[in-house]
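Spelled out from the first residue to the last, the chains are:
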Amino acid sequence: MATIKFDKVTKRYGDTLAIDEVNFEVRDREFMVLVGPSGCGKSTLLRMIAGLEEISAGNLYIDDQVVNDVPPKDRDIAIVFQNYALYPHMTAYDNMAFGLKIRKQSKALIHEKVMAAARILAIENLLDRKPKAMSGGQRQRIAIGRAIVRDPKVFLFDEPLSNLDAKLRGQMRLEIARLHKRLQSTVVYVTHDQVEAMTLGDRIAVINNGIIQQLDTPDNLYKHPRNRFIAGFIGSPSMNFVKGTLVAEAGDVFFRDATKLFNFSVKDRPEIAARVNQAVLLGIRPEHIHAQAVQAGAQPIAFSAQIQLVERLGHECFAFIPLGDETFAARLLSEEINTSLPTTLPLFAERHQVYFFDAVTEETIPRLA
């Protein structure tokens, strides 16, 4: 299919810096996800690949060719938009065939490609319908089918599922994943939904303020976040953060936070103990907090917390704990909280799942080997 390379690519809108010297490569046949909060620059990157945005500085390569000045129609890409962008007066068949017709391909070839795409997406029964007679999910399948018939080097998806309800988004995620495996195509996919990113991406570029904070596999982003932003963005609910100080006492070093919820030794973390008398940021994910010590593994960090709100999800629940101006979350079994609220419970954090971040730079403090 194709590779895509950003070489110090910058985008400015007047005095506003939208993309700041981005460098990364999308590998051949890779499913690359660009994820980040609204306004971070992810859609701008996608539109530069498509040729819909000019590049202010740097070079963009598709298959080792600089395409900065190549018109969109000559880049051999297909894009699926958030709002489907279907022609309302055309049937699904004609919408899918339109791009091939303007390229003056034969009717026989157009029919063959449209029907092949319709079979892949299981939309043969929709081909005679116009968009107004279809649901949002059906319209999105037609928009994807229109891209498939092009047989492009690169597929671009710009938040294609954001207009769908939660159940349908889940179904469409699976369909897009299957489609990629079947077509073995190069895909760049933009979303603000980190669950969607973690589900679909071979690799994920997490973007904030026009800068790629970390580009890695879903597993590495979750387990080895580079900084507080990544740690807080990846995971649902997000990682809990507690600011505290490292205090030397009785030949040991302890982490203590202002609310005194946490007070535990860090002697097993020499890289943290070396920062005695300094402020650091503790991070722990809700799923690594338990109501029973045995579940938290060896030498769990014990603390007692007042639970004021519970979000029940059937077998599991999220318990929310006030912590100064912040709210701390724990993922527990529903049966472990069967009393009226508020209630105070002993909780246990998995010691080996605790992260520490520099209080000033917010960079992850790496473990010593």
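Structure shown above.
Quantities reported herein were computed from a predicted structural model and do not represent experimental measurements. (Residues numbered from 1 in each chain as written. Predicted model: local features only at pLDDT ≥ 70, side-chain atom pairs only at ≥ 80, totals over all residues. Heavy atoms only, no water.)

Visitor: What am I meant to see in the nonpolar core here?
Guide: Nonpolar side chains in soluble globular proteins tend to end up buried together. Grouped together as the largest cluster of nonpolar side chains are 45 residues, with contacts concentrated most on V33, M96, I142, I144, Y189 and V206. Contacts of V206, omitting those with residues within four sequence positions, involve V35, I211, I212, Q213, Q214, L221, F229, I230, F233 and I234. Within the second largest apolar cluster, 34 residues are counted, among which are L282, A291, C317 and A319. (Core = buried A, V, L, I, M, F, W, Y, C linked by side-chain atoms within 4.5 Å. Buried < 20%, exposed > 50% of the residue type's maximum accessible area, 1.4 Å probe, protein only. Contact = heavy atoms within 4.5 Å.)

Visitor: Looking at this structure, I do not really get the packing of helix α2 (residues 92–102) against helix α4 (residues 136–148). What am I missing?
Guide: Here α2 crosses α4 at 30°, and the two axes come no closer than 8 Å. Taken together, the axes of α2 and α4 are roughly parallel relative to one another. Between α2 and α4 the crossing geometry is right-handed. Of the residues in α4, those touching α2 at A92, N95 and M96 are I142, G145 and R146. (Axes fitted to C-alpha atoms, helices over the stretch in contact; angles between N-to-C directions. Helix = DSSP H or I, 4+ residues; strand = E, 2+ residues; numbered from the N terminus. Parallel < 35°, antiparallel > 145°, perpendicular 65-115°, else oblique. Left-handed = near helix turned anticlockwise from the far one by under 90°.)

Visitor: Could you clarify how one ought to interpret the sheet that holds strand β5 (residues 65–66) in this entry?
Guide: In sheet architecture, strand pairing relies on hydrogen bonds along the backbone and comes in two forms, parallel and antiparallel. Strand order in this open sheet of four strands is β2-β1-β4-β5, and the pairing throughout is antiparallel. The open sheet is flanked by β2 (16–26) and β5, the only strands paired with a single partner. Sheet analysis places strand β4 (residues 57–62) next to β5, joined by two bridges and oriented antiparallel. Paired with Y61 across the strands is V66, a residue of β5. Lying over the sheet, helix α1 (residues 42–50) contacts β1 (4–13), β2 and β4, oriented at roughly 115° with respect to β1. (Pairing = 2+ DSSP bridges.)

Visitor: Quick question: what am I supposed to make of the side chain of N95 here?
Guide: Note on placement: N95 falls in helix α2. By relative accessible area, which is 1% here, N95 ends up buried. Polar side-chain contacts of N95 include one of 3.3 Å to the backbone oxygen of M90. (Polar contact = N/O pair within 3.5 Å; in protein donor to acceptor, adjacent residues only side chain to side chain.)

Visitor: Just checking my understanding: could you explain the pattern of salt bridges for this structure?
Guide: Side chains that differ in charge, positive against negative, can pair when their charged atoms come close. With the rule as written, the count across this model stands at 16 salt bridges. For K223, the salt bridge is made with D219, and the minimal N-O distance between the two is 3.5 Å. Of this pair, K223 and D219 are both found in helix α7 (residues 218–223), four residues apart, which corresponds to roughly one turn of the helix. We classify K223 as partly exposed; its relative accessible area is 43%. With a relative accessible area of 42%, D219 lands in the partly exposed category. Measuring nitrogen to oxygen at the nearest pair gives 3.0 Å for the salt bridge that ties E249 to R256. Residue classification places E249 among the partly exposed residues on the basis of a relative accessible area of 38%. (Salt bridge = Lys/Arg side-chain N within 4 Å of Asp/Glu carboxyl O.)

Visitor: Would you mind showing me how to read the packing of aromatic side chains here?
Guide: Aromatic ring pairs are reported here in terms of the distance separating the ring centres and the angle at which the planes meet. The full count for this structure, using the stated rule, is 13 aromatic pairs. Note on F229 and F233: the rings are 5.7 Å apart at their centroids and 20° apart in plane angle, and the pair reads as stacked. A residue pair is termed a helical-turn pair when its members lie 3 or 4 positions apart in one helix, as F229 and F233 do in helix α8 (residues 228–233) at four residues. Consider the rings of F241 and F357, whose centres lie 5.7 Å apart with planes at 65°: the pair is edge-to-face. Of this pair, F241 sits in strand β11 (residues 240–249) while F357 sits in strand β21 (residues 355–358); the two residues are 116 residues apart in sequence, bridging distant segments of the chain. Each member of the pair, F241 as well as F357, is classed as buried. One cation-aromatic arrangement involves K5 over Y61; the distance from NZ or CZ to the ring centre is 5.8 Å. Across the ring face of Y222, the terminal group of R285 is positioned such that the distance to the ring centre comes to 4.3 Å. (Phe/Tyr/Trp six-rings, centres within 6.5 Å; stacked < 30°, edge-to-face > 60°. Lys NZ or Arg CZ within 6 Å of the ring centre and 35° of its normal.)

Visitor: How should unusual backbone geometry be read in this particular structure?
Guide: Generally, phi is negative for residues other than glycine and the peptide bonds are trans, each holding for most cases. Cis geometry marks the peptide bond from S236 to P237; its omega dihedral reads -10°. With respect to the secondary-structure elements, P237 resides in the loop between α8 and β11. Between L341 and the following residue, P342, the backbone shows a cis peptide bond with an omega angle of -5°. By the element assignment, P342 lies in the loop between β19 (326–333) and β20 (343–349). Of note, the phi angle at A85 is positive, near 55°, even though the residue is not glycine. Inspection of the secondary structure assignment puts A85 in the loop between β6 (77–80) and α2. Within the chain, N277 stands out as a residue other than glycine whose phi angle is a positive 75°.

Visitor: Quick question: what am I supposed to make of empty space enclosed by the protein here?
Guide: Across all of its chains, the model carries two cavities of 30 Å³ or more by this definition. Lining the largest cavity are F31, F155, F157, I176, L179, H180, L183, S185 and V187. Going through the elements one at a time, β7 (154–158) and α5 (166–183) are the ones with two or more residues in the lining of the largest cavity. A total of four residues in the lining of the largest cavity trace back to one element, the largest contributor, which is α5. Split by residue class, the lining of the largest cavity holds seven nonpolar, two polar and no charged. (1 Å grid on protein atoms, 1.4 Å probe; cavity = no way out; pocket = protein on both sides within 12 Å on 5 of 7 lines; lining within 4 Å. Points joined across faces, edges and corners; volume = space filled by probe spheres on them. Nonpolar A, V, L, I, M, F, W, Y, C, P; charged D, E, K, R; others polar.)

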